Amino acid sequence: MVQKYQSPVRVYKYPFELVMAAYEKRFPTCPQIPVFLGSEVLRESRSADGAVHVVERSCQLRVEAPRLLRKIAGVEHVVFVQRNVLNWKERTLLIDAHNETFASRVVVRENCSYTVHPENEDWTCFEQSASLDIRSFFGFENALEKIAMKQYTANIKRGKEVIEHYLNELISQGISHIPRWTPAPVREEDMRTQAAPWDSDPPEAGRCSSALGLAPETAAVDGDKLDVDYIERCLGQLTPMQESCLIQLRHWLQETHKGKIPKDGHILRFLRARDFHLDKARDMLRQSLSWRKQHQVDSLLQTWRPPALLEEFYAGGWHYQDIDGRPLYILRLGQMDTKGLMKAVGEEALLQHVLSVNEEGQKRCEGNTKQYGRPISSWTCLVDLEGLNMRHLWRPGVKALLRMIEVVEDNYPETLGRLLIVRAPRVFPVLWTLISPFINENTRQKFLIYSGSNYQGPGGLVDYLDKEVIPDFLGGECVVSAAVSPIPAVLLLGTFQRETRRSSWPGHSAWLSPLQVAMEILEGESVITWDFDILRGDVVFSLYHAKHTPTLGPREHGARAGGQLVDKGWVLGTDYSRVEAPLVCREGESIQGSHVARWPGVYLLQWQMHGAPGSVACSLPGVDDVLTALHSPGPKCKLLYYYEVLTSEDFRGSMSSLESCTSGFSQLSAATSSSSSGQSHSSSLISR
């Protein structure tokens, strides 16, 4: 594989002529570069008017490699041939170098250029590119590649220091200005004895064959190139190879991407997310750009308007910055009715809101970079988990959370600088076990988790936030208002009456008359899970197992919902059996539960209005009961429900099988894996 390097533009704030005088001091030897053993001139020529000076040198470099490798190679130093074309008239120096030692096994090419800054003729720009192609080297190709790249990057930084050293030496000697070249009269004999054939046609200013296939124009600092000062000021400290990866990825975008080119800070995030592996970062960025175009994310901040319920009940917002100048976002997740929000506005609306937060975060990072005069590329998130309970671990909600994490990880890498989690309750390990496998390792290392009151005092929030910024609900001085109340059931009911058809919530809504859902279980020890909210009225919930299979409609594969699914003549204990005791559920309650189906067959979830004749009896309603309920003038019940059937293997790794102090779900894990019990086991959880 060919390794490539492309430097940013380095600017010397000195005239070109003075920089050239400093450059010439490097030859024939340079004590400041220990690996440079010396050089000798092979050929040299000048143009008739003296404007173009061509020098070809042979340079010896000491091999800094393990002794075994040097012994196998049989060399202590390598020879490079360097050809310099100095054009005083155009004020350019073009350098082309290649290796002579092991040229059949290893190919090294380097191109450098010194040019005048396009906006200040008293400054000088330097740009460098190189390539390394190790074809074969006695079986040590990988080792040699690592050694060569390490040594090369070290010499890059050293080369800048050497030029600055000689510039300071010239100034200390009183040489701070060198006159520019002016043409001298050309004599006839000089015309006849000008340069030899091998350099009779010196390259024009700016003509430099690049082994990297880069543009051959002069290395001016324009809108398509980056300079070192800009990188340090706006992007931070990067190693030479990291700078090279950024420039190469940016150049690839300019050549291939149609549309708006991402900002340099955004490109750099993808490189950091892939540890500056250029190919991996390119693939990740390509997919993200396609995703942004498909979902029109670039215009999200201008077009997205959150629903009224989301604005009122979403307990999160931007709040000043941390002690490092990062934008600070506060989220009171434990106090937020996440289940109600998802049911009221849908998963897609929540995802859009999360994306808008990330877009706003990037925008704020750019603003803080300008405000503080130093690179700020990430933001800090403070999450308060007080109040987190099993209601927040609702299965559709957790699935939606995992989807959001995946989208953010893929498209907003390295945007989170620090995540402060405070007042983590005992149920938090359950949530962490679920989501942590989906979070990148680099991101997980930025998590700081405090339980109880550990966030107070030294080592807590005061280490990351100014006291004036810490919210009042965490003992700070800053008054923060955020929605912390649950969404009223009447709002959920009204929202669903208007928006159920276009909502992405995975459950169902129904008026009770009563309601039954039948599902066919083909494998024993499968787990039926349910989750429902009572929006109006009181309900009695039961679960039955039937021997006969009702005819399923085309609406759902393996399940059917309706008022009456079984024959009135069925006899309890003969045709069907009760496997879950009747449970009275009051208006406003949220119910979660599971049942381990020990036998294949048909299972029926049943909801009846509480107080109706026979509602707590251990039998299914007949046809007459259903007709009576339908024509009853009394109030009806409104229900939102969700159910799912899992295999025992899937259930063991799900949130329902994880032990929790507030949930009966932990009892089901043992029941799932136990084969000695002859009875079915089930559990329900009521969140009030």
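Because the structure is a prediction, the values reported are computed rather than measured.

Draft legend 1. Geometry of the overall build of the protein chain. In terms of helices and strands, the protein chain carries 19 helices and 23 strands. Buried positions account for 49% of the 688 residues belonging to the protein chain. Of the contacts made within the protein chain by residues no fewer than 6 positions apart, 76% connect residues no fewer than 24 positions apart. Surface accessibility of the protein chain: about 33300 Å² in total, with carbon and sulfur atoms responsible for 51%.

Draft legend 2. Structural view of the confidence of the model for the protein chain. Mean pLDDT over the protein chain works out to 78, with 76% of the residues at or above the 70 mark. Across residues 652-688 the pLDDT falls below 50, and counting only partners more than four positions away or on other chains, this stretch makes 93 contacts in the model.

Draft legend 3. Main features of the packing of helix α12 (residues 347-372) against helix α13 (residues 395-411). Taken N-terminus to C-terminus, the directions of α12 and α13 make an angle of 35°; their axes are 11 Å apart at the nearest point. When you trace α12 past α13, the crossing you get is right-handed. Where α12 abuts α13, its residues Glu-347, Glu-348, Leu-350, Leu-351, Val-354, Leu-355 and Asn-358 lie against Ala-400, Arg-403, Met-404, Val-407 and Val-408. Here the residues of the contact of α12 with α13 are counted per class, giving eight nonpolar, one polar and three charged.

Draft legend 4. Main features of helix α7 (residues 264-273). Within α7, eight of the 10 residues are buried, which leaves the element mostly enclosed by the surrounding structure. Those residues of α7 lying buried are Asp-264, His-266, Ile-267, Leu-268, Arg-269, Phe-270, Leu-271 and Ala-273. Lining the buried residues of α7 we find α5 (228-235), α6 (240-256), α8 (278-295), α12, α13 and α15 (441-444). A positive phi of about 50° marks Asp-275, the residue just after α7.

Draft legend 5. Representation of the sheet that holds strand β11 (residues 379-384). With respect to topology, five strands assemble into an open sheet ordered β9-β10-β11-β12-β13, the strand pairing being mixed. In the strand order of this sheet, the two ends are held by β9 (316-321) and β13 (447-451), each with one partner. Across this sheet, the average inter-strand angle for adjacent strands is 20°, counted without regard to direction. Along the sheet, α12 makes contact with β9, β10 (327-331) and β11, crossing β9 at roughly 10°.

Draft legend 6. Representation of the side chain of Asp-227. With respect to the helices, strands and loops of the structure, Asp-227 is situated in the loop between α4 (188-192) and α5. As a buried residue without a salt bridge, Asp-227 has its nearest oppositely charged side chain in Arg-233, at a separation of 5.5 Å. A distance of 3.0 Å separates a polar atom in the side chain of Asp-227 from the backbone nitrogen of Asp-229.

Draft legend 7. Representation of the environment of Trp-394 within the structure. Considering the arrangement of structural elements, one finds Trp-394 in the loop between β11 and α13. Between the C-alpha atom of Trp-394 and that of Ile-591, which follows or precedes it by 197 residues, the distance is 10.0 Å.

Draft legend 8. Expanded view of α12. Taking 1.5 Å per residue as the helical rise, α12 with its 26 residues ought to reach 38 Å, and the 37 Å between its terminal C-alpha atoms agrees with that figure. The positive-phi residue at the C-terminal boundary of α12 is Gly-373, with phi of around 70°.

Draft legend 9. The arrangement of the pairing of strand β21 (residues 601-609) in detail. Among the nine residues of β21, nine are classified as buried, and the element is accordingly described as predominantly covered. Here strand β15 (residues 515-521) runs beside β21; their pairing, made up of seven bridges, is antiparallel. Within the sheet, the bridge partner assigned to Glu-520 lies in β21 and is Val-602.

Draft legend 10. Here's a closer look at the packing of α13 against helix α14 (residues 428-435). For the pair α13 and α14, the least separation of the axes is 10 Å and the interaxial angle reads 50°. Considering their axes alone, α13 and α14 lie oblique with respect to each other. In terms of crossing hand, the pair formed by α13 and α14 is right-handed. Contact residues: α13 offers Val-398, Leu-401, Leu-402 and Ile-405, while α14 offers Leu-431, Leu-434 and Ile-435. Across the contact of α13 with α14, the residue classes break down as seven nonpolar, no polar and no charged.

Draft legend 11. Quick peek at the packing of aromatic side chains. In the structure shown here, the tally under the stated rule is 16 aromatic pairs. Geometrically, the ring pair formed by Phe-532 and Trp-607 is edge-to-face, given 5.5 Å between the ring centres and 85° between the ring planes. With Phe-532 in strand β16 (residues 526-536) and Trp-607 in strand β21, this residue pair connects regions lying 75 residues apart in the sequence. One cation-aromatic arrangement involves Arg-282 over Trp-252; the distance from NZ or CZ to the ring centre is 5.7 Å. The ring of Phe-473 is capped by Arg-332, whose NZ or CZ atom sits 3.8 Å from the centre of that ring.

Draft legend 12. Inspection of the pattern of salt bridges at higher detail. Evaluation of the coordinates by the stated rule reveals 29 salt bridges. The residue Arg-109 makes a salt bridge to Asp-96 at a minimum N-O spacing of 3.2 Å. Note that Arg-109 is positioned in strand β7 (residues 106-116) and Asp-96 in strand β6 (residues 92-99), a separation of 13 residues in sequence. For Arg-109, a relative accessible area of 26% gives the class partly exposed. On the basis of relative accessible area, Asp-96 is assigned to the partly exposed category, the value being 23%.

Draft legend 13. Inspection of unusual backbone geometry at higher detail. In this chain, Phe-27 is followed by Pro-28 through a cis amide linkage whose omega measures 5°. Considering the arrangement of structural elements, one finds Pro-28 in the loop between α1 (16-24) and β3 (36-46). Not every positive phi belongs to a glycine, and Phe-102 is a case in point at roughly 55°. Inspection of the secondary structure puts Phe-102 in the loop between β6 and β7.

Draft legend 14. The arrangement of the environment of Leu-416 in detail. Position of Leu-416 among the secondary structure elements: in strand β12 (residues 416-424). Judged by its relative accessible area of 17%, Leu-416 falls in the buried class. When the C-alpha positions of Leu-416 and Lys-446 are compared, they lie 7.9 Å apart, and in sequence the two are 30 residues distant. Those residues within four positions of Leu-416 in sequence are excluded, and the remaining contacts are Ser-378, Trp-379, Cys-381, Thr-443, Lys-446 and Phe-447.

What counts and what doesn't
- Residues numbered from 1 in each chain as written.
- Predicted model: local features only at pLDDT ≥ 70, side-chain atom pairs only at ≥ 80, totals over all residues.
- Heavy atoms only, no water.
- Helix = DSSP H or I, 4+ residues; strand = E, 2+ residues; numbered from the N terminus.
- Buried < 20%, exposed > 50% of the residue type's maximum accessible area, 1.4 Å probe, protein only.
- Contact = heavy atoms within 4.5 Å.
- Areas by Shrake-Rupley, 256 points an atom, 1.4 Å probe, with all protein chains shown as cover.
- pLDDT = per-residue confidence, 0-100.
- Axes fitted to C-alpha atoms, helices over the stretch in contact; angles between N-to-C directions.
- Left-handed = near helix turned anticlockwise from the far one by under 90°.
- Nonpolar A, V, L, I, M, F, W, Y, C, P; charged D, E, K, R; others polar.
- Pairing = 2+ DSSP bridges.
- Lys, Arg positive; Asp, Glu negative; His and termini not counted.
- Salt bridge = Lys/Arg side-chain N within 4 Å of Asp/Glu carboxyl O.
- Polar contact = N/O pair within 3.5 Å; in protein donor to acceptor, adjacent residues only side chain to side chain.
- Expected span 1.5 Å × (residues − 1).
- Parallel < 35°, antiparallel > 145°, perpendicular 65-115°, else oblique.
- Phe/Tyr/Trp six-rings, centres within 6.5 Å; stacked < 30°, edge-to-face > 60°.
- Lys NZ or Arg CZ within 6 Å of the ring centre and 35° of its normal.

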